[in-house]
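Summary of structural features
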Amino acid sequence: MNVMGIIFANDATLGALTANRTMASLPFGGRYRQVDFALSNLAGAGVRHVGIVTRHHYQSLIRHVGSGEEWGLELEEGGLEYLTPYASSSTDTYRGKLESIYSAMEFLKTGPEDELVVMIDSAILSNVDLQSVLASHVESGRDITIVTKAGIADGVKQLDLAVKLDDKGEIQDIAVDYQAPSDYLASMDIFVLSKKWLIRQVNEHIAHNLYHMDRDLVLGLWQKKAITINVYTFGGVAMFNESVGEYFHNSLSLADSYIRRDLFGSNHPVYTKVRDRVPSYYGANCSIDGCTVADGCMLEGQAYNSVLFRQVTIRPGAKVENCVIMNDTVVGEGAMLKNVILDKDVVVSPGTQLIGTVTNPIIIKRGERV
Amino acid sequence: MYFQKKRVIAMLLAGGQGSRLKVLTEKTAKPAVPFGGKYRIIDFPLSNCVNSGIDTVGILTQYQPLELNEYIGNGQPWGLNKTHSCAQVLPPYERHDKKSGWYKGTANAIYQNIDFIDRFQPDYVVVLSGDHIYKMDYAAMVNYHEQHCAACTIAVRDVPLKEASRFGILNTNPDNSIYEFEEKPKKPKSTNASMGIYVFNWDILRQFLIADEEDPNSANDFGKNIIPNLLGAGHKLMAYNFSGYWKDVGTIDSLWEANMELLGENPEFNIRGDERSKICARNNAHPSSYIDPASSISGSFVAEGCEIYGTVRHSIISLGCTVGEGAVVEDSVVMPGVTIEPGAIVRHAILGEDSRICRNAVVGGAFGPEDKKQISVTAKGAVLAENTVLLPGEML
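Attention here is on the structure that accompanies the text.

About the thresholds
- The residue count restarts for each chain, going from 1 along the sequence in the order it is written.
- As a convention, the first chain written is A and the first ligand written is 1, with the rest following in written order.
- Per-residue local features of the predicted model are confined to residues with pLDDT of at least 70, and side-chain atom pairs are confined, for both listing and counting, to 80 or more; whole-chain, interface and lining totals are unaffected and use all residues.
- Note that water and hydrogens are dropped before the side-chain values are worked out from all heavy atoms of the structure.
- Residues belong to one nonpolar core when they are buried, are Ala, Val, Leu, Ile, Met, Phe, Trp, Tyr or Cys, and are joined through side-chain atoms within 4.5 Å.
- Each residue is placed in one exposure class: buried if its accessible area under a 1.4 Å probe, protein chains only, is under 20% of its type's maximum, exposed if it is over 50%, and partly exposed if it falls in between.
- Elements are defined by DSSP. Helices are runs of H or I of four residues or more, strands are runs of E of two residues or more, and each kind is numbered from the N terminus.
- Here, residues are in contact when the closest pair of their heavy atoms is within 4.5 Å.
- Note on terms: buried area is the combined drop in 1.4 Å-probe accessible area of two parts once they are placed together, counting the loss on both.
- Counted as salt bridges are all cases of a side-chain nitrogen of Lys or Arg within 4 Å of a carboxyl oxygen of Asp or Glu.
- Whenever a nitrogen or oxygen atom comes within 3.5 Å of another N or O atom, the pair is scored as a polar contact, on the condition that within protein one atom can donate a hydrogen and the other can accept it, and that pairs from neighbouring residues in sequence are kept only if both atoms are in side chains.
- Any two strands between which DSSP finds at least two bridges are classified as paired.
- Note on geometry: axes are C-alpha line fits, over the in-contact stretch for helices, and angles between N-to-C directions span 0 to 180 degrees.
- By convention, orient the strands away from the viewer: a clockwise path from the first strand over the helix to the second makes the crossover right-handed.

Description of the nonpolar core
Judged by nonpolar contacts, the single largest core of 78 residues is most densely connected at Ile 42, Ile 59, Leu 128, Met 136, Ile 197, Leu 255 and Ile 350 of chain B. With five residues, helix α8 (residues 252-260) of chain B is the largest single contributor of residues to this core. Ranked by size, the runner-up nonpolar core spans 72 residues in total, among them Leu 14, Leu 263, Cys 291 and Leu 342 of chain A.

Given below as structure tokens:
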């Protein structure tokens, strides 16, 4: 089976956290960027031909992913390509996935004609076995496979794409941008389809000024009975990091061993860029409880129920609780932080107190001194 | 094929058995023994090379090379996989003229790889051993060697007089030139111990390696043969003083000590250091560690991929280890992939890779009143059964 992957770096929806980065390059889980999960899912399935579609603020993404060697994508043929708006066409930035694929048509056309395409987003994190998704797609003989997750739809969260199945497992309803009730399955924004079919559909849609993957291609064709859909239901952990609240909640939920083991090890390891930091040092009087801790930290104070990224320093007498603290941030002596997301390279002065709420954590921007 | 000419290349002697590390090197070459939570011993000389601007390294392997070869791979973790750089593993091989086979000694190992070195037409060859823990700028040593127009420069460190007879001792003139080399002298005349780090002019070393190979009585060893022969021939040999941290980790005691010396607020060996002297290691894609509310950790290093539910004091917990609830680990080196089950107690121990200490088992204990340390050691993959005891100083 010949397979290529297209990763969408996604629009930023996390306010200050994504002011200068894509959703793909948002740090997660102590040592990762969100795109690592999509890249590792593809690498885990042996996909060696991957394009990353990105439209703005992609500098940090390129710095992180580089040539893709951590994911086995540093190749002469195939390998990794960045599909930026100005790479091949004169179009403005993309309005939708179909338009971005249209402008990356040259990339799509490289490689064997009979390739299957895996389209995957970077804001929904999972450790999914794409081999099994691909096998399900081939077996179904349908035009497209949508990977979905039960238990996400709750009548409140607005889902990009939701499907409802009948008793026989066939699609009863499809909805787009919908606060779907709990009997709907949420799309994980992972699709499998044949390259030939995709190219044909993209050309058709763009010719008619249609560019929205979920609304125009999936829902539109389904309503016209012009598409056959295979729904794959994923049983593992899927983290929908589509708002600050979800990102914060999902980050802290790594303290749950079931979630941790599923996300980091159920099918394959999650690879990321190597940083070669020393192991984290726990000082003589530190107290670290219920925390996810990466490499290179210097921990001399107290941390509870928090995520500590690489090279974080917690000075003596400092106390952090329910915090997400990104790379190289320093929390000074005696500072007290609760429900705070600290971006990279932040310096918290000694004695500072910051208290957010669980639903509305305080965000301190990259490089700030507070 | 085109090979870029190099001013300096390094040859790393990594073939030793390391028999004094006992069960730890039964299946692993000494340079591949884990150290400091996420490193292996060979990471130190390899990273030193890269940090010193040496981008061509020949690695001479012989004993149990599988794991070591796999670890070095194409040299990518150290940035040695580029167009004009390499980390080349050089195992012994067979040659038409029978001047080949197992490496007979350190000098013979280099002799058998003259062709490899000649490709790069180096001015200088740095010869290193793969069993020392230290950070050193070899470029400064090469410059010193060049400035003094020496044929060979040997790095030395000052050791206490009572320990000097354990080392190769270099006796020097006031200008730091060497007039005598004594291997493990009974009555040492100086305290300048050789660190096993040499810089040679390649054209001179090449000549002496060939001559040494012709001598049937030679042990084909740098310390015993090449250095005395160079001195005998009237060549200029210089001593290069190094005062930073350096540790031969050839024994269980010294390996344990070197790990312990990484700990503390002001450690004897500060492994954190700055970017320019960073030690690189092959990465294994472990997730961040999880530190449970039931745990208590103090004065310790914990690497990635660990789950800590128990008590850890003054210890090194390496990549991918689990310390169960109620378990206690003190003054110990826990190598990668070890599981310490709930209720187990580990004191003054080195637990080999992937070993398992089952529930309520006890490893080691307090040191006795005598000076001699009694480190308990488990071999790679060893399992200590539930409720059993591994006494201080015992090996499993």
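Considering the interface of chain B and chain A
Counting residues at the interface gives 38 residues for chain B and 38 residues for chain A. Both sides together, the interface formed by chain B and chain A hides about 3,000 Å², and carbon and sulfur atoms give 45% of it. Linking chain B with chain A are five salt bridges, by the criterion used here. Glu 275 of chain B is the salt-bridge partner of Arg 277 of chain A, the closest N and O atoms lying 2.8 Å from each other. Summed over the shared surface of chain B and chain A, the result is 21 residue pairs in polar contact (both at pLDDT 80 or more). Those elements giving two or more residues to the side of chain B that touches chain A turn out to be β14 (289-291), β15 (296-298) and β16 (300-302) of chain B. As paired elements, strand β14 (residues 280-282) of chain A and β16 of chain B share three bridges and run antiparallel to each other. Of the residues in β16 of chain B, the one forming a bridge with Tyr 282 of chain A is Ser 300 of chain B.

Observations concerning the sheet that holds strand β18 (residues 311-313) of chain B
All names here are of chain B. Within the open sheet, the six strands sit side by side as β15-β18-β21-β24-β27-β30. Their pairing is parallel. Edge positions in the sheet fall to β15 and β30 (389-390), since each has one partner strand and no second. With two bridges joining them, strand β24 (residues 345-347) and strand β27 (residues 362-363) adopt parallel strand pairing. Counted as the bridge partner of Ile 345 is Val 362 from β27.

A word on the sheet that holds strand β19 (residues 316-317) of chain B
Strand order in this open sheet of ten strands is β24(A)-β22(A)-β20(A)-β17(A)-β14(A)-β16(B)-β19(B)-β22(B)-β25(B)-β28(B), and the pairing throughout is mixed. Only two strands of the sheet have a single neighbouring strand rather than two, namely β24 (347-348) of chain A together with β28 (376-378) of chain B. Across the sheet, α8 of chain B lies against β19, β22 (333-334), β25 (349-351) and β28 of chain B, angled at about 90° from β25 of chain B, the strand it touches most.

A word on the pairing of strand β4 (residues 56-60) of chain B
All names here are of chain B. For β4, a buried count of five out of five residues is recorded, marking the element as mostly surrounded by other parts of the structure. Across the two faces of β4 the burial is the same, with Thr 56, Gly 58 and Leu 60 and Val 57 and Ile 59 all buried. The sheet contact formed by strand β1 (residues 8-13) and β4 spans four bridges and is parallel. For Leu 12, the partnering residue across the bridge sits in β4 and is Ile 59. The pairing of β4 with strand β5 (residues 86-90) spans five bridges and is parallel. Within β5, the residue paired with Leu 60 across the bridge is Leu 90. After leaving β4, the chain enters helix α2 (residues 65-72) and then returns to the sheet as β5, a path that is right-handed.

Quick word on the pattern of salt bridges
Residues and elements named next belong to chain B. By the definition in use, this model includes 33 salt bridges over all chains. A salt bridge links Glu 67 to Lys 380, with the nearest nitrogen and oxygen atoms 3.2 Å apart. In this pair, Glu 67 sits in helix α2 while Lys 380 sits in the loop between β28 and β29 (383-384), placing the two residues 313 residues apart along the sequence. Relative accessible area serves as the criterion here: at 14%, Glu 67 is assigned to the buried category. For Lys 189, the salt bridge goes to Glu 180, with nearest N and O atoms at 2.7 Å. Using a relative accessible area of 53% as the deciding quantity, one classes Lys 189 as exposed. In this structure Glu 180 comes out as partly exposed when scored by relative accessible area, which is 22%. One salt-bridge network, in which partners are shared between bridges, spans Arg 40, Glu 67, Glu 353 and Lys 380.

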